[in-house]
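Examining the three-dimensional arrangement
Each chain is listed here by its residues.
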Amino acid sequence: MSTPHHPIAIVGGGLGGLTLARVLHVNGVEAAVLDLDASPAARTQGGMLDIHEDSGQPALRAAGLYEEFRALVHPGGESTRVLDKTGTVLVDDPDDGTGGRPEVDRGQLRDLLLGSLPAGTVRWGAKVTGARPLDGGRHEVTLADGTSFTTDLLIGADGAWSRVRPLLSDAKPAYVGISFVEVDLPDADVRHPVSAEVVGGGMMMALGAGKGFLAHRETDGSLHIYVALAVPEDAFDGVDFTDTEAGKAYTLGHFADWDKSLRALLADADGPLTPRHIHALPTGHRWERIPGVTLLGDAAHLMSPFAGVGANLAMFDGAELGKALAAHPGDTEAALAAYEEKLFPRSDESAAESAANGILMFGEDAPQGMLDFFAGMGG
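Each value, and the rule that gives it
Residues numbered from 1 in each chain as written. Predicted model: local features only at pLDDT ≥ 70, side-chain atom pairs only at ≥ 80, totals over all residues. Heavy atoms only, no water. Helix = DSSP H or I, 4+ residues; strand = E, 2+ residues; numbered from the N terminus. Rg over C-alpha atoms; globule rule 2.2 N^0.38 Å. Buried < 20%, exposed > 50% of the residue type's maximum accessible area, 1.4 Å probe, protein only. Contact = heavy atoms within 4.5 Å. Areas by Shrake-Rupley, 256 points an atom, 1.4 Å probe, with all protein chains shown as cover. Axes fitted to C-alpha atoms, helices over the stretch in contact; angles between N-to-C directions. Parallel < 35°, antiparallel > 145°, perpendicular 65-115°, else oblique. Left-handed = near helix turned anticlockwise from the far one by under 90°. Salt bridge = Lys/Arg side-chain N within 4 Å of Asp/Glu carboxyl O.

1. Here we look at the overall build of the chain
Along the chain, the regular secondary structure elements total 12 helices and 16 strands. Relative to its length of 379 residues, the chain is compact, with a C-alpha radius of gyration of 21 Å against a globular reference of 21 Å. Considering only C-alpha atoms, the chain reaches an extent of 65 × 45 × 35 Å along its principal axes. Considering the chain as a whole, with its 379 residues, one finds that 54% of them fall into the buried category. When contacts within the chain are restricted to residue pairs at least 6 apart in sequence, long-range pairs at least 24 apart make up 71% of them. Accessible surface computed for the chain: about 16,200 Å², of which carbon and sulfur atoms make up 52%.

2. Some details on the packing of helix 1 (residues 15-26) against helix 10 (residues 310-327)
Each pair of packed helices gets described by two things: the angle between the helix axes and the distance between those axes. For the pair helix 1 and helix 10, interaxial distance at closest approach is 7 Å and the crossing angle is 25°. The pairing of helix 1 with helix 10 is recorded here as roughly parallel in orientation. The handedness of the crossing between helix 1 and helix 10 comes out as right-handed. Of the residues in helix 10, those touching helix 1 at Leu15, Gly16, Thr19, Leu20, Val23 and Leu24 are Ala311, Ala314, Met315, Gly318, Ala319, Leu321, Gly322, Lys323 and Leu325.

3. Observations concerning the pattern of salt bridges
The tally for this structure, following the rule as stated, stands at 14 salt bridges. Its salt-bridge partner being arginine 276, residue glutamate 182 comes within 2.4 Å of it at the nearest N-O pair. Here glutamate 182 is found in strand 11 (residues 174-185), whereas its partner arginine 276 is found in strand 15 (residues 274-280), with 94 residues between them in sequence. Classification of arginine 276 by relative accessible area gives partly exposed; the value is 39%.

Any functional reading would require information that these geometric values do not contain.
Right under this line is the structure:
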């Protein structure tokens, strides 16, 4: 039986890969998207995203989905608060409708992109385990089920631990020194009114030296909380986070002198706790041009989330790569060279900003760094 062949294969059905597939589609170029999930509903897609006017929004325009995106925007979601550990509100920047970073639910945005693609574009349950170069810039890609396929153009949109990246780079993500414990407070206005008031209508940051609470109000009325801790990478090794009470006790132990209203963001959670280490690729990550393969999104430039640009950059990468391929029909290498020439400096700038913001947020003088940041923005 002959090996299947895809002229363009996109590994990863996240926002970046789907944006690329959509921009290619509107330009008359078809691609196959391979995703390891069994179905679109196999797992939740995370919380709220602010879609930036210089990256995510142009990507959605290129995809022909800007108006549909606007219909998903969460009114009031751009409001921002900064608190200290006593619960004192130091910055309260309301959403007056004039901001340039409207908030949407990540899952709804992904559904919009999925629904815009021809049936069968995404191959679900296709977990890529490796790839090897063939002649002429082609690659053979192997899947977990033992099958394989060949492709003329292989694009790694497969995130932090990309299986495509090793074709181009030996770089591996490294721990940045911050870990999260994620929890949710459902139906917050009714069940958790104090927490709902603390968080407000959009995003809230309660910051101290080496720790803090980052929270978003979701479109379903829940609060999504990231409890941030500057701890060694092995600090969670002895903690059983599947035991909710044990996980709470460990995490709250870091906040003994914090206000009760902030501790309640974690103490009142009745669902699972999800520990998450934050990793990043080296700032300045890049590679030599190798025929027939490239990367986008976290596969190319994984960075900490403290500039809020990861999803936006992935979508912008996808749109820019799609436009480059459409602009260079029959010359894939020219398209990839043009794409990467702009990708690298764009990635460097954002990675540096993300790293700097992490210091601002959790430095020894926190939350003063973020207060200075907002003052500099006029916020």
